[in-house]
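Structural characterization, general
Next come the chains, spelled out residue by residue.
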Amino acid sequence: MNRCAEAAAVAATVPGSGVGDAGLRPPMVPRQASFFPPPVPNPFVQQTRISASRRLQMLLLGIILLPVRALLVGLILLLAWPFAVISTACCPEKLTHPISDWRRKITRPALTFLARAMFFSMGFTVTVKGKVASPLEAPIFVVAPHSTFFDGIACVVAGLPSLVSRNENAQTPLVGRLLRALQPVLVSRVDPDSRKNTINEIKKRATSGGEWPQILVFPEGTCTNRSCLITFKPGAFIPGVPVQPVLLRYPNKLDTVTWTWQGYTFLQLCVLTFCQLFTKVEIEFMPVQAPSEEEKNDPVLFASRIRNLMAEALEIPVTDHTYEDCRLMISAGQLTLPMEAGLVEFSKISRKLKLDWDGIRKHLDEYASIASSSKGGRIGIEEFAEYLKLPVSDVLRQLFALFDRNNDGSIDFREYVIGLAVLCNPANTEEIIQVAFKLFDVDEDGYITEEEFCTILQASLGVPDLNVSGLFREIAQRDSVSYEEFKSFALKHPEYAKIFTTYLDLQTCHVFSLPEEVQTAPSVASNKVSPESQEEGTSDKKVD
């Protein structure tokens with residue numbers, strides 16, 4: 001099939017192409033299949049619905065249980081505090097050596113007993129499955145899914161191993177002292193060297209041969225609603241030592257424990273949980289998993305295998321969401337978009353498209369400027385056309401359909417980011433911008449006038465009465481556009497790349513449709529595109 005026939009076949013399948021009914025979207029190709037939407041749209045939201053009868057029951061129970069349990073928790077924390085002081089006295093906040101044996105022998109049994117008593121007083125009934133591995137068998141526990149601050153119960157059952165925790169938690173009065181008694185690995189999200197230092201510390205402790213306590217890690221790095229397992233961070237798997245996966249389940253009819261980015265606050269969850277007669281939790285210690293030689297050299301591969309193993313045991317899917325998705329979700333909310341708009345599976349998108357946090361955050365600002373007037377924070381063809389300052393035409397519908405990956409008539413932020421990276425940026429190279437400028441510069445004087453600009457876009461979009469004055473004024477600083485102005489605009493607005501290069505496709509298609517002797521004619525006008533130069537410049541945008 002030649003390029004003209006291929007273009008016609010694709011155009012005939014695009015909605016609005018004028019062939020039959022609404023038509024079908026261009027067929028899915030392998031490169032698109034790798035970007036299927038996640039099985040769980042938003043793992044960072046929890047909406048617990050409480051019936052009227054349940055509210056009444058909680059109210060009646062809470063009158064007695066809430067004050068009693070709050071009093072007991074406070075009392076136990078006060079009792080535990082002296083032992084934590086003994087354990088950490090004269091020790092720096094960030095330990096360089098393990099706490100001495102005599103301190104651990106005095107404080108650990110007492111702290112373990114008091115921790116169990118505290119969870120019991122809060123109404124937790126714990127079911128333990130499997131066997132806890134020794135420090136020599138598995139220096140690291142990996143616990144998932146991480147969904148609440150109550151997940152600390154896994155640390156109690158595992159024998160108070162060291163935790164990987166935020167540095168801010170160690171600064172909290174009373175609780176911070178108790179946390180420090182566990183000899184935690186502290187992480188700072190503001191220190192640029194914190195990640196490297198944390199990895200080095202985990203590696204040092206995991207390979208100490210039992211000198212340091214075991215380490216308990218929540219590899220997801222943030223709380224979810226337990227509907228899936230998000231991307232495991234590789235920190236726990238970098239040392240290349242055996243790990244013991246630990247599963248957490250909360251098989252309760254009413255969920256009062258899940259603490260996500262959207263949902264109940266810390267205080268609300270404590271009140272709701274304390275008002276329950278009991279709260280069930282299951283902790284399963286799976287068999288120890290040792291890394292293969294390949295996994296020792298590739299901690300991401302090791303983390304992926306452990307995640308899949310745990311997801312299979314939990315019977316839930318996996319997604320490529322990460323903590324960075326939470327940051328994007330918060331940013332979307334600040335831009336008056338639905339918070340879900342920011343969820344793009346950052347791990348997958350950044351890896352496959354080679355985009356960093358700043359790049360995706362910049363795209364979110366652009367997306368918000370387009371979707372600000374739409375309902376639900378999604379872009380329709382009208383908003384798309386208005387943003388581009390172009391009319392709704394067949395060519396624009398084709399471009400929109402390429403962005404609209406699930407063919408639902410609208411573009412979400414995830415589709416927008418993928419479309420820019422896969423469709424537009426490859427067509428926005430320096431070479432293509434130069435060729436496009438030459439096409440617009442009909443009289444070859446080094447400047448594009450509004451008349452020249454209008455003539456080419458009319459041909460590209462197939463709209464003979466097209467008015468592009470608004471778009472031209474956005475590009476031009478004077479009555480005409482220089483190459484530098486054109487290039488700057490094209491690079492800042494890659495959405496136009498496919499529009500500008502549509503004319504290149506038409507020119508190439510025209511040349512391919514001519515007799516062979518005409519195709520090889522030596523003389524080609526400088527503002528036309530030869531098939532040889534065009535083939536290399538535009539082939540990438542055909543892939544997706």
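Residues numbered from 1 in each chain as written. Predicted model: local features only at pLDDT ≥ 70, side-chain atom pairs only at ≥ 80, totals over all residues. Heavy atoms only, no water.

Per an unreviewed UniProt entry, the chain is named Lysophosphatidylcholine acyltransferase 2, and its organism is Mus spicilegus. In the Sequence similarities (unreviewed entry) part of its UniProt record, the chain is described as follows: "Belongs to the 1-acyl-sn-glycerol-3-phosphate acyltransferase family." (UniProt positions renumbered as here; feature names shortened; annotations may be inferred.)

What to know about the environment of Ile-316
When you line up the elements, Ile-316 lands in the loop between helix H10 (299-314) and helix H11 (323-334). Overall, Ile-316 belongs to the buried group, its relative accessible area being 19%. Measuring from C-alpha to C-alpha, the distance between Ile-316 and Pro-39 comes to 9.9 Å, with 277 residues separating the pair along the chain. If near-sequence neighbours (up to four positions away) are discounted, Ile-316 is found in contact with Arg-226, Ser-227, Cys-228, Leu-229 and Ala-311. (Helix = DSSP H or I, 4+ residues; strand = E, 2+ residues; numbered from the N terminus. Buried < 20%, exposed > 50% of the residue type's maximum accessible area, 1.4 Å probe, protein only. Contact = heavy atoms within 4.5 Å.)

Quick look at the confidence of the model for the chain
On average, residues of the chain score 79 in pLDDT, and 81% of them are at 70 or above. Throughout residues 1-32 the model reports pLDDT below 50, and contacts reaching past four residues in sequence, or to other chains, amount to 54 contacts. Segment residues 508-544: pLDDT under 50, and 54 contacts once partners within four positions in sequence are set aside and those in other chains are kept. (pLDDT = per-residue confidence, 0-100.)

Describing the sheet that holds strand E1 (residues 124-130)
In space, the seven strands of this open sheet follow the order E1-E7-E6-E2-E5-E3-E4, with mixed pairing throughout. Edge strands, defined here as strands with exactly one partner in the open sheet, are E1 and strand E4 (185-187). Sheet twist, expressed as the average angle between the axes of neighbouring strands with direction ignored, equals 25°. Looking at chain direction, strand E2 (residues 140-144) and strand E6 (residues 243-249) are connected through five bridges and run parallel. (Pairing = 2+ DSSP bridges. Axes fitted to C-alpha atoms, helices over the stretch in contact; angles between N-to-C directions.)

Some points on the packing of aromatic side chains
According to the stated counting rule, one finds 19 aromatic pairs in the structure shown. Judged by centre distance (5.1 Å) and plane angle (75°), the ring pair of Phe-149 and Trp-259 falls under edge-to-face. Of this pair, Phe-149 sits in the loop between E2 and helix H5 (153-157) while Trp-259 sits in the loop between E6 and helix H8 (266-274), and the two are 110 residues apart along the sequence. Judged by centre distance (5.4 Å) and plane angle (80°), the ring pair of Phe-437 and Tyr-483 falls under edge-to-face. Of this pair, Phe-437 sits in helix H17 (residues 430-440) while Tyr-483 sits in helix H20 (residues 483-492); the two residues are 46 residues apart in sequence, bridging distant segments of the chain. The same class applies to Phe-437 as to Tyr-483, namely buried. Among the aromatic residues, ring-to-ring pairing joins Phe-119, Phe-124, Phe-149, Phe-150, Trp-259 and Phe-266 into one connected group. Residue placement shows Arg-327 over the ring face of Trp-357; its charged tip is 3.8 Å from the ring centre. (Phe/Tyr/Trp six-rings, centres within 6.5 Å; stacked < 30°, edge-to-face > 60°. Lys NZ or Arg CZ within 6 Å of the ring centre and 35° of its normal.)

As for the nonpolar core
Ranked by size, the top nonpolar core spans 53 residues in total, and within it Phe-384 and Phe-453 carry the most contacts. By residue number, the principal contributor to this core is helix H13 (residues 357-371), which donates seven residues. Within the second largest apolar cluster, 37 residues are counted, among which are Ala-80, Val-157, Leu-163 and Val-246. (Core = buried A, V, L, I, M, F, W, Y, C linked by side-chain atoms within 4.5 Å.)

Some details on the UniProt feature "transmembrane region" (unreviewed entry) in the chain
Here, the residues flagged by UniProt with the feature "transmembrane region" (unreviewed entry) are residues 59-84. Structurally, residues 59-84 is divided into 100% helix and 0% strand, and its ends, taken at the C-alpha atoms, are 35 Å apart.

Re the environment of Phe-218
Mapping Phe-218 onto the fold places it in the loop between strand E5 (215-217) and E6. Distance in space between the C-alpha atoms of Phe-218 and Leu-163 is 8.7 Å, their sequence separation being 55 residues. For Phe-218, the contacting residues outside a window of four places in its chain are Val-143, His-146, Asp-151 and Leu-248.

Quick notes on the pattern of salt bridges
All told, the structure shown has 15 salt bridges when counted by the stated rule. Between Glu-282 and Lys-129 there is a salt bridge, with its nearest N and O atoms 3.9 Å apart. One end of the pair, Glu-282, is in strand E7 (residues 279-285); the other, Lys-129, is in strand E1, with 153 residues separating them in the sequence. Because the salt bridges share partners, they merge into one network encompassing Arg-307, Asp-320, Glu-345, Lys-348 and Arg-414. (Salt bridge = Lys/Arg side-chain N within 4 Å of Asp/Glu carboxyl O.)

Overview of the pairing of strand E3 (residues 162-166)
Direction of pairing for E3 relative to E5: parallel, over a ladder of two bridges. Looking at the pairing, Ser-162 lines up with Ile-215 of E5. Of the pairings in the sheet, the one linking E3 to E4 comprises three bridges and is parallel in character. Counted as the bridge partner of Ser-165 is Leu-186 from E4. Crossover handedness for the path E3 to helix H6 (residues 175-180) to E4: right-handed. (Right-handed = clockwise from strand over helix to strand, strands pointing away.)

Thoughts on the pairing of E7
Side chains on a regular strand alternate between the two faces of the sheet. Side chains Thr-279, Val-281, Ile-283 and Phe-285 project from E7 onto a buried face, and the interleaved Lys-280, Glu-282 and Glu-284 project onto a face without burial. Examined bridge by bridge, E1 and E7 share seven bridges and lie parallel to one another. Bridged to Thr-125 within E7 is Lys-280. Across four bridges, the pairing between E6 and E7 is antiparallel. Opposite Leu-248, over in E7, you have Ile-283 as the bridge partner.

Brief notes about unusual backbone geometry
Residue Pro-145 follows Ala-144 across a cis peptide bond; omega there is -10°. By the element assignment, Pro-145 lies in the loop between E2 and H5. One non-glycine residue, Gln-183, lies in positive phi territory at about 55°. Relative to the helices and strands, Gln-183 is located in the loop between H6 and E4. Exposure remark for Gln-183: the relative accessible area of 3% places this residue in the buried category. Residues other than glycine seldom take positive phi values, yet Glu-345 does so here, at roughly 60°. The residue Glu-345 is located in the loop between H11 and helix H12 (346-353) in this model.

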